[in-house]
Each structure stands twice: as structure tokens, then as C-alpha cells.
Protein chains: 2
Amino acid sequence: MISKHHPRYESIKVRERLVDGHKKGITVLEGLIAHGRGEAFDYLLGEKTTGPASNAIRASAALLVLAECPVISVNGNTAVLCPQGLVELAEVCNAKLEVNLFYRSDRRARKIEETLIEHGADRVYGVSPTEVIDGIASERRMVDKEGIFKSDVVLVALEDGDRTEALVKQGKKVIAVDLNPLSRTARYATVTVVDNVIRAVPELVKEVRRLKNAQERGGRDGGDLSSDLEMMVSAFDNQKNLGESLEVMCRNIFKEYSFSEE
Amino acid sequence: MISKHHPRYESIKVRERLVDGHKKGITVLEGLIAHGRGEAFDYLLGEKTTGPASNAIRASAALLVLAECPVISVNGNTAVLCPQGLVELAEVCNAKLEVNLFYRSDRRARKIEETLIEHGADRVYGVSPTEVIDGIASERRMVDKEGIFKSDVVLVALEDGDRTEALVKQGKKVIAVDLNPLSRTARYATVTVVDNVIRAVPELVKEVRRLKNAQERGGRDGGDLSSDLEMMVSAFDNQKNLGESLEVMCRNIFKEYSFSEE
């Protein structure tokens, strides 16, 4: 039992959820190590949604609202870290939820489907995928005909670079949630949200909801928000935004450091 | 099977050792997450022993040579990552090896003892600890009466801040090997080596051996190295050294980033 007064209590509780997810057969050991890498970057980001991340979240929400067939890709770690948020996000933007795994097994896919359904999902794609995305060496290439295969916008979180690159090559727009601004995924994605999924997903839900409400009001007044959203998306410069996240990291590094010297 | 030509081959092999250590009951799942954090910081350090780390290694070696009762604290990850190096280090500086675990169980403690003995240790402390260090909430508070309890210098690797702080409060000198220069352990320790234990421990062995040889030669010549070593230790500024490691990280971050923009 961890005391609530432990300075890293929140972070330890999240770890315990992943460990528990491993015991349930949802997360793999490699996923636990990957989570640790994320923790380190999150720490350097100050463990909060930064300014550049908020801008990327706004651009991502616009992409999701404009999408014709958006899909939210779910892996073992995200299924454990924010199942509720992913189901809500799918709901507010009429997106499909699709299981996609690097270390794929039918059992794992079904466990993740189960988790999402427990959290309110109607249907989960990708449990028995039949289509293949070219250029991906891992099991991540297997996709659902009705899901990622025909999607125009895919949200991926805690992803590997190979798949992000392959999806972009297929002409899809990729929203990546990734704590490492230097990762290949971060560099290849259309919009990269350099933030913890636990924080970013609820923010995305809020932002999509706000845009949808504005769209509805606009519709009643005879206006159309779509062209505004399109402009917002095309004005978003992902490389510039990544640079800003790196700057935040470096500023935090030195802020923390001068604090420790006082 | 991972190809030897994989750009992350070394890093993947190390991960496999930890996963294997988990199957043997030595490393815990939380230890795998901690390893991931280390990987991220190591990546930012350029995955090599930096200049500031070399300076900290020299100061650590001096502390170990001057110590009356040095103890090397061993946890699950270090037992898997560098058992040979830890046993050698204990040997060259007449230090005791003591098992100390956050998630303690008799079985894990015995497994780690076994591993160290397989790698040549004569005796391992802390398997049945009877003493308590105040101010530590976790199982790490349990220490061996003949080991950490009566030590003057303790080397800890991949440690939590609570224990480092508590050990320093007890008047002990703490050498920490920690890849995160901003961690509480890094800040609290007497000397922090911001480096991967896999690289730092063999360097420490080399440096202690060099000092011991110099001491022996000095003894024959009627000289005494101790006052030089004491001066070296007191001249070492841990906060300044941490700042230098942070500078290395920031320089690397921007080197990577400008590379990605080309």
C-alpha cells in the first residue's frame, strides 16, 4: 500500500493500473517500459498540458470535427490508462474505436474490446481485422475494413513510428498523442499532441464538444463553421509546435534546477 | 529474435534481460517502468558517460576509498543489469552488498542474494534485516544491522528520493547513480552520478582500483593520499555537477531537433 502522502502518489497509482492491466492480460511488459519512457518526458514537461499542447489539441479537435470517418486507435496501454475518455471522445465526434496492437493476440484484442464495452462503447472494431496497411512490419498492419482501413482521420496514442508513417502515406490524417517530441511518430503525424493521454483525452473531449456546440448554433443562424476549422487546421505547423514543446522542456529543466539551488 | 543490426539492438537486449529477470522473480513490474524512465533520460544524455558524470565518478571513488564502512545497496533492477560489476566494486573497495527493496518479499531478497553469490559475492546483507531507518514509508526502511545501519557511505542506484533523504539525515554520505538529474535522489545525494549503471559501475571499479594503487604506492613512500581525497570530495559541488548534466541534455535535445528539421 502506497501512502497518499507520497510525493509521487498519483504517478504510482497510474503505474499500479498498468501493472494490474498486465495481470489481466491487457498490457505487455514492453508496454510498461514504454510507459516509463513517457513518464520521464512528462516529468520534463512539468506534468501538465502545456501551451503548445493546448494549441495541438485545438487543431486535433478541428480535424476530428471535420473528419468523415474518424477512428480512434486503442492499444493495451491506452485501454488501461483512459478507457472512459476514449469512449467519450468516440461518442462526441462519432468516431469508431479500433483495437490495434504491436504484440497482437486474439485474447488481448478481446480483453481490450471487453474493457471498452464495460466503459460504455457500443462497438469495438479491429478484433478480427481482415485488411492490411502496407509498409508496417508488425502486427499493427492488421486493420478493420470498416475502421482504420476506410478512415480519413486516425487518432493514435503511444504509437510506433512505422505505423504513423504508413498511415500518412495512405493519405490519412494522423493525430498522435505522444510525450516524446523527438519520436518518429511525433515527427510524422499531421498533428502531434505532446501530452499525457490521461490529460489530453478529456481536453480533446471538451474541445470537440465546444466546436460541435458552436457548429450547431452556427447551423441555426445559417452560418458554417467548417471553413474556419479548415483554416485553423492548415495554419497549424506541427514542426514548429514540436519545437515549442522542446523549448518548454528545456525551460522546465532549468527552472527545476534553479529552484533546487535556492 | 532481434537482428544485431537493429539500431536499438543494445537497448532491446537490456530490456530482454529485465523481462527475463521478471520471469525469474527478481525484477518487479514497477522496475520495468522505472527502467523505461531511465531509457528516456539516457537517450537525452546521448547514451554515453558524459564529462560531468566522469567527474562525479571520480568524487564517488574517493568517497568509497575514504569510507570506513561502505555499503552497496542492490535492488532488483541493478541485480539484473550489472551483478558482476556490483560484486567487483564491493570487492575493490571492501564494501558490503546489501539487498534493499521497495517491493520487498523474502523470496525476491533471496533470489537477489543468489544472483550476487553466483557472480562471486561472499556474503549478501539485508536478506533478513532487523533494523529500521526512520523517515522511510516503504519496505526500504528495513536494513541490516551490520550493513546500511552502521555504514558511513552508501551507494544507491535507481533509488527513490525518500530513502536518499532519510539516509543523508542519518549522517550518511550517499552516492547515487541516477539517470534523472532532476530526481529527488539526484538532489539529495552527496554525489550523484548521472549515468547508466551499466556504464557507471565498471568506471567506478576502474577509478577505485586506480586510487587504491596510488594509495599503496603512497604508503610505501611514506605519503598519505587521504587528505588529497578529502579535498577532492569537499571540492565536488553536486548541484553544479547536476546543472552540467542538464546542460548536456538540453544541448542534445536541440541537436536532435535541428537534425529533424533539415
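Throughout this document, residue positions are counted from 1 along each chain, in the order its sequence is written. Written order decides the labels, with chains lettered from A and ligands numbered from 1. It should be noted that, the model being predicted, local features are given only for residues of pLDDT at least 70 and side-chain atom pairs only at 80 or more, the latter also being counted only at that level, while totals for whole chains, interfaces and linings use all residues. The basis for every side-chain value is the complete set of heavy atoms in the structure, and neither hydrogens nor water enter the calculation.

1. Points about the interface of chain A and chain B
Our working definition: Contacts are assigned to residue pairs with any non-hydrogen atoms lying within 4.5 Å of each other. Computed with a 1.4 Å rolling probe, the buried area is the accessible surface lost when two parts are put together, summed over both parts. By salt bridge we mean one thing: a side-chain nitrogen of Lys or Arg within 4 Å of a carboxyl oxygen of Asp or Glu. Labels follow the DSSP assignment, with helices taken as runs of H or I lasting at least four residues and strands as runs of E lasting at least two, numbered in each case from the N terminus.
Listed per partner, the contact involves 36 residues of chain A and 36 residues of chain B. Summed over both partners, the interface of chain A with chain B buries about 3,300 Å², with 75% contributed by carbon and sulfur atoms. In this structure, the salt-bridge partner of A:Glu39 is B:Arg37, at a minimum N-O distance of 2.3 Å. Those elements giving two or more residues to the side of chain A that touches chain B turn out to be helix 1 (9-23), helix 2 (29-44) and helix 11 (238-261) of chain A.

2. With respect to the sheet that holds strand 1 (residues 70-74) of chain A
Residue and element names in this part refer to chain A. Worth spelling out the cut-off: Strand pairing follows a simple DSSP-based rule, namely that at least 2 bridges must link the two strands. Axis definition: a line fitted to C-alpha atoms, over the contacting stretch in the case of helices. Angles run 0 to 180 degrees between N-to-C directions.
One open sheet accounts for six strands, arranged 3-2-1-6-7-8; its pairing is parallel. With one partner strand each, in any of the chains shown, strand 3 (124-125) and strand 8 (191-193) form the two edges of the open sheet. With two bridges joining them, strand 2 (residues 96-99) and strand 3 adopt parallel strand pairing. Bridge pairing links Leu-97 to Val-124 in strand 3. Sheet strands in contact with helix 3 (residues 51-66) are strand 1, strand 6 (153-157), strand 7 (173-177) and strand 8, and its direction is about 130° off that of strand 8. Here helix 7 (residues 161-169) sits on the sheet and contacts strand 1, strand 6 and strand 7; the angle it forms with strand 6, its principal contact strand, is near 175°.

3. Considerations on the relation of the copies chain A and chain B
Note the threshold: Least squares is the method used to superpose the copies, on C-alpha atoms of residues holding a pLDDT of at least 70 in both.
Of the two same-sequence chains, chain A is brought onto chain B (RMSD 0.2 Å, axial shift 0.0 Å) by a rotation of 172°. The residues that chain A uses at the interface reappear at the interface of chain B in 81% of cases, marking a shared surface.

4. Describing the sheet that holds strand 3 (residues 124-125) of chain B
All names here are of chain B. If you trace the six strands from one edge of the open sheet to the other, you get 3-2-1-6-7-8, paired in parallel fashion. Of all strands in the sheet, those bounded by a partner on one side alone are strand 3 and strand 8 (191-193). In this fold helix 5 (residues 83-92) packs onto strand 1 (70-74), strand 2 (96-99) and strand 6 (153-157), with an angle of close to 170° to the strand it touches most, strand 1. Sheet strands touched by helix 7 (residues 161-169): strand 1, strand 6 and strand 7 (173-177). Its angle to strand 6, the strand with the most contacts, is close to 175°.

5. Describing the side chain of A:Thr185
Counting through the fold element by element, A:Thr185 comes out in helix 8 (residues 184-188). Ignoring any residue separated from it by four or fewer positions in sequence, one finds A:Thr185 in contact with A:Glu159, A:Asp160, A:Gly161, A:Thr164, A:Ala176, A:Asp178 and A:Thr192.

6. Here's the deal with helix 9 (residues 197-220) of chain B
Side chains that are three or four residues apart share a direction in an α-helix, a result of its 3.6 residues per turn. Residue and element names in this part refer to chain B. Here is the rule: One less than the residue count of a helix, multiplied by 1.5 Å, gives the span that helix is expected to have. Burial status follows relative accessibility: with a 1.4 Å probe on protein chains alone, a residue under 20% of its type maximum counts as buried, one over 50% as exposed, and anything between as partly exposed. Polar contacts, as counted here, are pairs of nitrogen or oxygen atoms within 3.5 Å of one another; within protein the pair requires one atom able to donate a hydrogen and one able to accept it, and residues that are adjacent in sequence qualify only if both atoms are side-chain atoms.
For helix 9, spanning 24 residues, the distance from its first C-alpha to its last is 34 Å, which sits close to the expected 34 Å at 1.5 Å a residue. Buried within helix 9 are the following residues: Val-197, Arg-199, Ala-200, Val-201, Leu-204, Val-205, Glu-207, Val-208, Leu-211 and Gly-218. For helix 9, the capping residue at the N-terminal end is Asn-196, with a side-chain oxygen 3.1 Å from the backbone nitrogen of Ile-198.

7. Topic: the pairing of strand 6 of chain A
The side chains of a regular strand alternate, residue by residue, between the two faces of the sheet. Residue and element names in this part refer to chain A. Counting buried residues along strand 6, five of its five residues qualify, which places the element largely inside the surrounding structure. Neither face of strand 6 is open: one carries Val-153, Leu-155 and Ala-157, the other Val-154 and Val-156, and all of them are buried. In the sheet, strand 1 pairs with strand 6 via three bridges, with the strands oriented parallel. Within strand 6, the residue paired with Ile-72 across the bridge is Leu-155.

8. What about the confidence of the model for chain A?
For the record, the criterion: Per residue, pLDDT measures the predictor's confidence, with a range of 0 to 100.
When the pLDDT values of chain A are averaged, the result is 91; 95% of them are 70 or greater. This prediction of the complex comes with two scores: 0.86 for pTM and 0.82 for ipTM.

9. Some points on helix 6 (residues 106-118) of chain B
All names here are of chain B. Just so we agree on the cut-off: Directions drawn from the helix axis to the C-beta atoms are what define this arc.
Spanning 13 residues, helix 6 covers 18 Å between terminal C-alpha atoms, matching the ideal 18 Å at 1.5 Å per step. Listed as buried for helix 6 are Arg-108, Ala-109, Ile-112, Thr-115 and Leu-116. Down the axis of helix 6, the buried set is contained in an arc of 125°. They therefore lie on one face. Of the exposed residues in helix 6, those oriented more than 90 degrees away from the buried face are Asp-106, Arg-107 and Glu-118. For helix 6, the elements touching its buried residues are strand 1, helix 4 (76-81), helix 5, strand 2 and strand 3. Backbone geometry just downstream of helix 6 places Gly-120 in the positive-phi region, at approximately 105°.

10. Details of the state of the cysteines
All names here are of chain A. In plain terms, the rule: The disulfide definition used here is simple: a pair of cysteine sulfur atoms within 2.5 Å.
All told, the structure shown has zero disulfides over all chains when counted by the stated rule. Sulfur of Cys-69: no disulfide; nearest cysteine sulfur belongs to Cys-93 and is 11 Å away. Overall, Cys-69 belongs to the buried group, its relative accessible area being 13%.

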